[in-house]
Amino acid sequence: MTPLLTVNNLTYCKKVRPWLGKKEIFRLAPVSFELKAGETMAIMGENGSGKSLLAKLLVGVERPSGGNILLNGEALSHSNKQQRFRAIRMIFQHSKESLNPALTLGSLLEEPLILNTDLDAPSRKKKIELTLTQVGMLPEHQYFYRHMLSEGQRQRVAVARALILNPQIIVADEPFAALDPSVRSQTVNLLMKLQRDLGLGFIFISHNLGIVRHISDRILVLADGNVVESGKTDVIFNWPKSEYTQRLIQAYQALITRDD
Amino acid sequence: MPKSSFYEEEVYPSPMRQTWNEFQRNHIALGGLWCLVFFLLTSLVGPMLLPYGPLQQNTDALLLAPAWAANGDIEHLFGTDALGRDILTRVAHGCRITFGVSFILVILSMLVGCSIGAYAGMSRGIRSSVINHLLDAIMAIPTLLIAIIIVAILGTGLMNAMWAISLALIPQFIHQTRDIVRREFHKEYVTAARLDGAGNNRILFHSILPNMIEMLVVQGTMALSVAILDVSALGFLSLGAQSPSPELGAMLSDSLETAYVAPWSIALPGAAIFLMVLSINLVGDGLRTALKNRLTQ
């Protein structure tokens, strides 16, 4: 069976050109991994390790300098954006920033439908209502503006926005960072339920090792743009190989035992 | 699942509605708005209600005092000037010319300035910085001075003054729009719209423009007060509207010779200009504060 998403030697260099000479400021070393349908992969690492950059490369905000991304065995080119936008959707870290303050949720959710599907207005409206109920909101919320929603509701809207095009893969950049614990677990459960129902591949970036352990099947650990370690969640949590991962896990264990 | 509508009786205040609510709390600005509405009505229907023409001379009543003075006459509420023309009529017509001309100028330069500004905001590199720095250099010169220079080239007259002032107003609109577009383009909601598959133009019109309109209105009111002052200043200097025309600035310079004998003939058009500019500035300031309060909420 071909994996849903295959990433081969994906690299990225950002060059800055000061007046004298060339300097490379940041690079993502070749990254390769595979993702199967219905599988969840977590990307871990400290700040500035290239996690968000990897997410941006996957969804197509940034153009990679080398390597390729295969979706169902077919190469995704940077020119065929439409296909990628429909198949891979992103949930942003700050849901508040990623929603346009001047538009109602209805028109926000309608935008991807107008641009990527040929549904007519009534069926678009139906689809919007359906997606809103899917993420546990009411159809009436389509008349709301960003500022009328709580943080958790905004996160749900961000999920709805990702889901509305029936994607195959969702990339989420720290979707739970700004949420308080109860809302966070609600959102986690919502995402896991949707994944079970729709068979989505899910790539998810987080600092929170508790959630990572809870929902992910496999883990990729990044440090300074290099892949330090990757493998099954259980294996990494119980037998971390590299020193960097060991430190991360130890810090997490220390936190749990202190809580107990 | 039965369709529930818990929220039916609730209102959904749009961002614009919110700004309006915030604006209403500021009573002085609201007073300014009423004053502005009064001037708008005066310039629209005022001239139709008055029995005299703006150039009609009544040789029996030269330099008549206003009606409230001891030797005034109720026939001429604001009195008459040295040629026996009714000042109330002339002020009403003057409001129409000065206010109307300024309004058209501002709309025109806003359209031009915003399109160039949006283009400059979306383009990068040398093109963008040329547009930007060239216009910044022009903005260092006061608009009235630019207008005078342009009038000196084109010749005097209201039409030329209009061209001059609208050309002089354009740079600030370009600058403002460019700044807003630049700032908004870096926000995450634009990236999100881009991932929905929206191109640059769609992002500009569907995502950024709704966020920009209120700021443009604020900028527009500021430009309107500048335009009114410039139109009447050029009229006063006899560079814009010429003498018999009831433009407020031209009326001021007309009655300058009789200022000691008939102070009302200079005070009343002056008061009209003053109130107009004051009310516009109050409204503009109130809008700006309301917008700031809404955005920091």
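No experiment lies behind these values; they were computed from the predicted model shown.

Asks: Help me understand the interface of chain B and chain A in this model?
Replies: How large an interface is tends to be reported as the accessible area lost when its parts come together. Taken together, the contact between chain B and chain A spans 24 residues of the former and 27 residues of the latter. When the two sides are added together, the surface that chain B and chain A hide from each other amounts to roughly 2500 Å², 62% of it contributed by carbon and sulfur. Taken together, the connections running from chain B to chain A amount to 3 salt bridges. Between Glu111 of chain A and Arg202 of chain B there is a salt bridge; the shortest N-O distance is 3.4 Å. Linking chain B with chain A are 10 residue pairs in polar contact (both at pLDDT 80 or more), by the criterion used here. Looking at the side of chain B that touches chain A, the elements that each hand over two or more residues are helix 1 (15–24), helix 7 (188–195) and helix 8 (200–236) of chain B. A per-class count over the side of chain B that touches chain A returns 11 nonpolar, 9 polar and 4 charged.

Asks: Is there a simple way to think about the sheet that holds strand 9 (residues 218–223) of chain A in this case?
Replies: Where strands meet in a sheet, backbone hydrogen bonds hold them as pairs that are either parallel or antiparallel. Residues and elements named next belong to chain A. Strand order across the open sheet formed by 6 strands is 6-7-8-3-9-10, with mixed pairing between neighbours. Only two strands of the sheet have a single partner each, and these edge strands are strand 6 (88–91) and strand 10 (226–232). Along the sheet, successive strands turn relative to each other by an average axial angle of 15°, direction set aside. The sheet contact formed by strand 6 and strand 7 (residues 169–173) spans 4 bridges and is parallel. Its bridge partner lying in strand 7, Met90 is registered against Val171.

How each quantity is defined
Residues numbered from 1 in each chain as written. Chains lettered and ligands numbered in written order. Predicted model: local features only at pLDDT ≥ 70, side-chain atom pairs only at ≥ 80, totals over all residues. Heavy atoms only, no water. Contact = heavy atoms within 4.5 Å. Buried area = accessible area lost by both parts, 1.4 Å probe. Salt bridge = Lys/Arg side-chain N within 4 Å of Asp/Glu carboxyl O. Polar contact = N/O pair within 3.5 Å; in protein donor to acceptor, adjacent residues only side chain to side chain. Helix = DSSP H or I, 4+ residues; strand = E, 2+ residues; numbered from the N terminus. Nonpolar A, V, L, I, M, F, W, Y, C, P; charged D, E, K, R; others polar. Pairing = 2+ DSSP bridges. Axes fitted to C-alpha atoms, helices over the stretch in contact; angles between N-to-C directions.

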